[in-house]
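Notes for the structure review
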Amino acid sequence: MTHDTSRRWQMLAISAVIIFVIWLLAPVLMPFAIAAMLAYLGDPLADRLQRLGMGRSWAVSIVFTVISLVFVGVLLLLVPLIEHQFENLSENLPRYVDWVRTTALPWIQVRLHLDANVFDTDRLLATVREHIGSVGSIAAKAMTKITQSGMGIVTWLTNVVLIPVVAFYLLRDWDTMIAHIQRLLPRSIEPTVVRLARESDQVLGAFVRGQLLVMLALGVFYGLGLTLVGISIGPLIGMVAGLLSFVPYLGFMIGFVAALIAALVQYGDWTHVILVGVVFTIGQLLEGYVLVPRLVGGKIGLHPVAVIFAVLAGGHLFGFLGVLLALPAASVVVVLLRYVFARYRESDLYKEPAAHTPAAQKLDVDVAVDVKVKPRPDNPILPRDPGP
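Residues numbered from 1 in each chain as written. Predicted model: local features only at pLDDT ≥ 70, side-chain atom pairs only at ≥ 80, totals over all residues. Heavy atoms only, no water.

1. Focus on the overall build of the protein chain
Each helix and strand in the protein chain was counted, giving 13 helices and 0 strands. Mapped in sequence order, the helices and strands of the protein chain form the string α-α-α-α-α-α-α-α-α-α-α-α-α. Counting all 388 residues of the protein chain, 24% fall into the buried class. Summing over all exposed atoms, the protein chain offers an accessible surface of approximately 27,300 Å²; the carbon and sulfur share of this is 70%. (Helix = DSSP H or I, 4+ residues; strand = E, 2+ residues; numbered from the N terminus. Buried < 20%, exposed > 50% of the residue type's maximum accessible area, 1.4 Å probe, protein only. Areas by Shrake-Rupley, 256 points an atom, 1.4 Å probe, with all protein chains shown as cover.)

2. Let's talk about the pattern of salt bridges
Note that side chains of opposite charge can pair when their charged atoms are close. Tallying each qualifying case throughout the model produces 5 salt bridges. Between arginine 56 and aspartate 43 there is a salt bridge, and its shortest N-O distance comes to 3.0 Å. Taken together, the positions of arginine 56 in helix H3 (residues 56–112) and aspartate 43 in helix H2 (residues 26–51) put the pair 13 residues apart, joining distant regions of the chain. Summarising the burial analysis for this pair, arginine 56 and aspartate 43 share the class buried. Here aspartate 173 makes a salt bridge to arginine 172, at a shortest N to O gap of 3.2 Å. Judged by its relative accessible area of 27%, aspartate 173 falls in the partly exposed class. Here arginine 172 falls in the partly exposed class, since its relative accessible area comes to 31%. In this structure, a network of salt bridges that share partners links the residues Asp43, Asp47, Arg56 and Asp175. (Salt bridge = Lys/Arg side-chain N within 4 Å of Asp/Glu carboxyl O.)

3. Side note on the packing of helix H7 (residues 190–229) against helix H12 (residues 320–346)
For the pair H7 and H12, the least separation of the axes is 9 Å and the interaxial angle reads 140 degrees. Classified by the interaxial angle, the pair formed by H7 and H12 is oblique. Crossing of H7 over H12 shows right-handed handedness. Touching Thr192, Arg195, Leu196, Glu199, Ser200, Val203, Leu204 and Phe207 of H7 are Leu327, Pro328, Ser331, Val332, Val335, Leu336 and Tyr339, all from H12. Of the residues belonging to the contact of H7 with H12, the class tally is 10 nonpolar, 3 polar and 2 charged. (Axes fitted to C-alpha atoms, helices over the stretch in contact; angles between N-to-C directions. Parallel < 35°, antiparallel > 145°, perpendicular 65-115°, else oblique. Left-handed = near helix turned anticlockwise from the far one by under 90°. Contact = heavy atoms within 4.5 Å. Nonpolar A, V, L, I, M, F, W, Y, C, P; charged D, E, K, R; others polar.)

4. Let's talk about a nonpolar patch on the surface
A cluster of nonpolar side chains, namely Val17, Phe20, Val21, Trp23, Leu24, Leu25, Val28 and Leu317, defines an oily patch on the protein surface of about 750 Å² accessible area. If you tally residues by element for the nonpolar patch, the top one is helix H1 (residues 3–24), at 5 residues. (Patch = residues over 30% accessible without salt bridge, like charges linked within 9 Å, V, L, I, M, F, W, Y side chains within 5 Å.)

5. Brief notes about H3
Spanning 57 residues, H3 covers only 66 Å between terminal C-alpha atoms, well under the ideal 84 Å at 1.5 Å per step. Asparagine 92 marks where H3 bends most, by close to 45 degrees; the proline proline 94 follows one to four residues later. (Expected span 1.5 Å × (residues − 1). Bend = angle between axes of the 7 residues up to and from the residue.)

6. With respect to the side chain of glutamate 190
Looking at the element boundaries, glutamate 190 is found in helix H7. Comment: no salt bridge for buried glutamate 190; closest opposite-charge side chain is arginine 187, at 4.4 Å. Excluding residues that lie within four positions of it along the chain, glutamate 190 makes contacts with Gln182 and Leu185. (Lys, Arg positive; Asp, Glu negative; His and termini not counted.)

Limitation: the analysis is restricted to geometry and does not speak to function.
And the structure:
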């Protein structure tokens, strides 16, 4: 085994061990991942304050205070609004259920030619009564869920306290940790890794900061637009559509369907349905032609199918942590794939010509030209023209 081959196998083994450890520790890594994202978002501002002559600790304290105040302000603004929206939703829930039962389900039965008993609610209730004997096992499972929920509440509270503490220390020591990691890299690959890390930082900066602004702008636009249309739970639908807009078309589809049902139940006319369609059409045009090009840019280069696959794969492998880190990780993978593709284009495997290239064969073409020369009187060799 050559030295280069041995080194590659060592690097592959180290990478596999790191990925395996992350997979094992995924349930406890979520607060650390959120704290790392907050530190990453705040590091450029802290560096800028340092360049103005401020010490690192003071710069980090100011940035951390600003982030905390913004977070608390958003909570104070959104929690009453969300609470009011959920109260509104709970009050209108019987109307939604009645609309589904008396309007939507009969329409589906007629259009799809389904049996009338498919959506028979009385039949469903009878089925529930037949299985009423399993209430004991259901109660036992419910008690288990309550116990697990209690532990989940404790874990959630622990994370709430842990995230800001870890974020502060990561933000304070961010540049030092990056320098330590750079010194640990093998000298043979250090320049390449540093260059790829800088490219990944540009991509991540464009994605994380830009996408957060896009989500906020879409949430505000959809919420205000649906409120002006007259949808009672418009702000709630707008917030959900904005939060889910990091997955292409997911926030649009869920928000549009929810707003459409709300308009039909609340008003029951085509005017408000058309207005809801206008709001979401303008929102899509705003996202595609204004927000994403200006705030995110074209540096990421992720196809919508790749985004959906990354989110689903991350959620399947690492749970909520995988969903949280799916798109940042996918953007880094795009940088690595560009590097691999460039190395492949420079390799002998790509540049080596074919083993046998048939030479171009010359074709001898005989051209027979039949030339008719008109005889002239002053030329005795040529016969005279007999004339017409």
